[in-house]
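Tertiary structure, described
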Amino acid sequence: MTDFLNNFFFNIYPYLCGTVFLVGSWLRYDYGQYSWRAGSSQLLEKKTLRIASPLFHVGILGIFAGHAFGMLTPHWMYESFLPVPVKQQMAMWAGGACGVMTLIGGGMLVWRRLSNERVRATSSFGDIMIIILLVVQCALGLSTIPFSAQHMDGSEMMKLVGWAQSVVTFRGGAAAHLDGVAFIFRIHLVLGMTLFLLFPFCRLVHIWSAPVEYLTRRYQLVRNRR
């Protein structure tokens, strides 16, 4: 049973989640554009949101960028100037700082959504569930730091890197890279993949709609009444 679960979650589940993430997002964009929104509740309560939202979004963007660079960049591209132990320390300190920001901001957003009657009344089950899952995932990520500290040579981190790069390059047997990895990392990976699985069915789809066009659009001319 253990071998089956290991094979399913770390060899098969990544592709299942990735397929649902991409195809589901595309289908929702085509057939459910009226639901393609962030569902902002800013007009209902601003005081908490003014602090919580920047903390959460800046932190989670830093986490995403760190994971993308740390997990998916081939080792040969940076080994000449960034040794693995140094990369390990960067991941722990920078990732830890971003994680704390995300945890504080996300915790405030959860409290706001559950405690404010007006915000809660306009929140769906999916709105509440996804922010709670993101906070739990952030807490799990921070919980991995003590385990990483036991392998300051970066050996534990490189196992995770090997798994991630094997998955995205469609090499078989990716789960073998995780042999001996602490169980907390496995939980963190599974919940992270599950977030991609849920992505097309919740408000997270607004991530695809980053306002990049604002950088290239023409200036708007605003004239007074006189």
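Reading guide: rules and limits
- Counting restarts for each chain: residues are numbered from 1 in the order of the written sequence.
- It should be noted that, the model being predicted, local features are given only for residues of pLDDT at least 70 and side-chain atom pairs only at 80 or more, the latter also being counted only at that level, while totals for whole chains, interfaces and linings use all residues.
- Excluded from the side-chain calculation are hydrogens and water; included are all heavy atoms of the structure.
- A run of DSSP states H or I qualifies as a helix once it reaches four residues; a run of E qualifies as a strand once it reaches two. Both are numbered from the N-terminal end.
- Here's how the labels work: a residue is buried when its accessible area is under 20% of the maximum for its type, exposed when over 50%, partly exposed in between, all with a 1.4 Å probe on protein chains only.
- Here, two residues are considered to be in contact whenever any of their heavy atoms come within 4.5 Å of each other.
- The method behind every accessible area is Shrake-Rupley, applied with a 1.4 Å probe, and residues are considered shielded solely by the protein chains displayed.
- UniProt positions are given in the numbering used here, feature names are shortened, and annotations may be inferred rather than shown by experiment.
- The term salt bridge refers to a pairing of a side-chain nitrogen on Lys or Arg with a carboxyl oxygen on Asp or Glu at a separation within 4 Å.
- Working definition: rings of Phe, Tyr and Trp (its six-membered ring) pair if their centres are within 6.5 Å, and the pair is stacked with planes under 30 degrees apart, edge-to-face with planes over 60 apart, and tilted otherwise.
- Criterion for a charge above a ring: Lys NZ or Arg CZ within 6 Å of the ring centre, and within 35 degrees of the ring normal.
- Fitted lines through C-alpha atoms serve as axes, helices being fitted only where they are in contact, and the angles separating the N-to-C directions of these axes extend from 0 to 180 degrees.
- Should the near helix be turned counterclockwise from the far one by less than a right angle, the crossing is left-handed, whereas a clockwise turn marks it as right-handed.
- Under this grouping Gly is polar, as are all residues other than the nonpolar Ala, Val, Leu, Ile, Met, Phe, Trp, Tyr, Cys and Pro and the charged Asp, Glu, Lys and Arg.

Here the focus is the overall build of the protein chain. The helix and strand inventory of the protein chain stands at eight helices and zero strands. Across its three principal directions, the C-alpha atoms of the protein chain cover 70 × 40 × 40 Å. Looking at the protein chain residue by residue over its 226 residues, the buried ones come to 38%. For the protein chain, contacts bridging at least 24 residues in sequence account for 80% of all contacts bridging at least 6. As presented, the protein chain carries roughly 14,600 Å² of accessible surface, and 68% of it is formed by carbon and sulfur atoms.

With respect to the helices, strands and loops of the structure, Tyr 29 is situated in helix α1 (residues 2–31). Classification of Tyr 29 as partly exposed rests on a relative accessible area of 42%. The spatial distance from the C-alpha of Tyr 29 to the C-alpha of Trp 208 is 9.8 Å, given a sequence separation of 179 residues.

Bringing the UniProt feature "transmembrane region" (unreviewed entry) in the protein chain into the picture now. The UniProt record marks residues 12–29, 49–70, 90–111, 123–149 and 180–199 with the feature "transmembrane region" (unreviewed entry), using the residue numbering of this structure. With 85% helix and 0% strand, the stretch residues 123–149 has end C-alpha atoms that lie 39 Å from each other.

Between side chains of opposite charge, a pair can form when the charged atoms approach closely. Following the criterion strictly, the structure yields two salt bridges and no others. Residues Arg 112 and Glu 45 are paired through a salt bridge, measuring 2.6 Å at the closest nitrogen-oxygen approach. Taken together, the residues Arg 112 in helix α3 (residues 84–115) and Glu 45 in the loop between α1 and α2 (47–72) connect sequence positions 67 residues apart. Classification of Arg 112 by relative accessible area gives buried; the value is 2%. Of the residues examined, Glu 45 reaches a relative accessible area of 13% and is grouped as buried. With a closest N to O distance of 3.6 Å, Asp 127 and Arg 203 form a salt bridge. In this pair, Asp 127 is assigned in helix α5 (residues 125–143) and Arg 203 in the segment after α8 (183–198), connecting sequence segments 76 residues apart. Judged by its relative accessible area of 14%, Asp 127 falls in the buried class. Among the residues examined, Arg 203 registers a relative accessible area of 18% and is labelled buried.

Moving on: the packing of aromatic side chains. Scanning all chains against the criterion turns up twelve aromatic pairs. Centroid distance Phe 9 to Tyr 13: 5.5 Å. Interplanar angle 80°. Geometry classified as edge-to-face. Placement of both Phe 9 and Tyr 13 in helix α1 is noted, with a separation of four residues, approximately one turn of the helix. Of the aromatic side chains, those joined through ring pairs into one cluster are Phe 4, Phe 8, Phe 9 and Tyr 13. Just above the ring of Phe 69 sits the side chain of Lys 87; from NZ or CZ to the centre is 6.0 Å.

With that settled, consider the packing of α2 against α3. Interhelical geometry of α2 versus α3 gives an angle of 145° and a closest axis separation of 7 Å. In this structure, α2 meets α3 at a crossing whose hand is left-handed. Residue composition of the contact of α2 with α3, by class: 14 nonpolar, nine polar and two charged.

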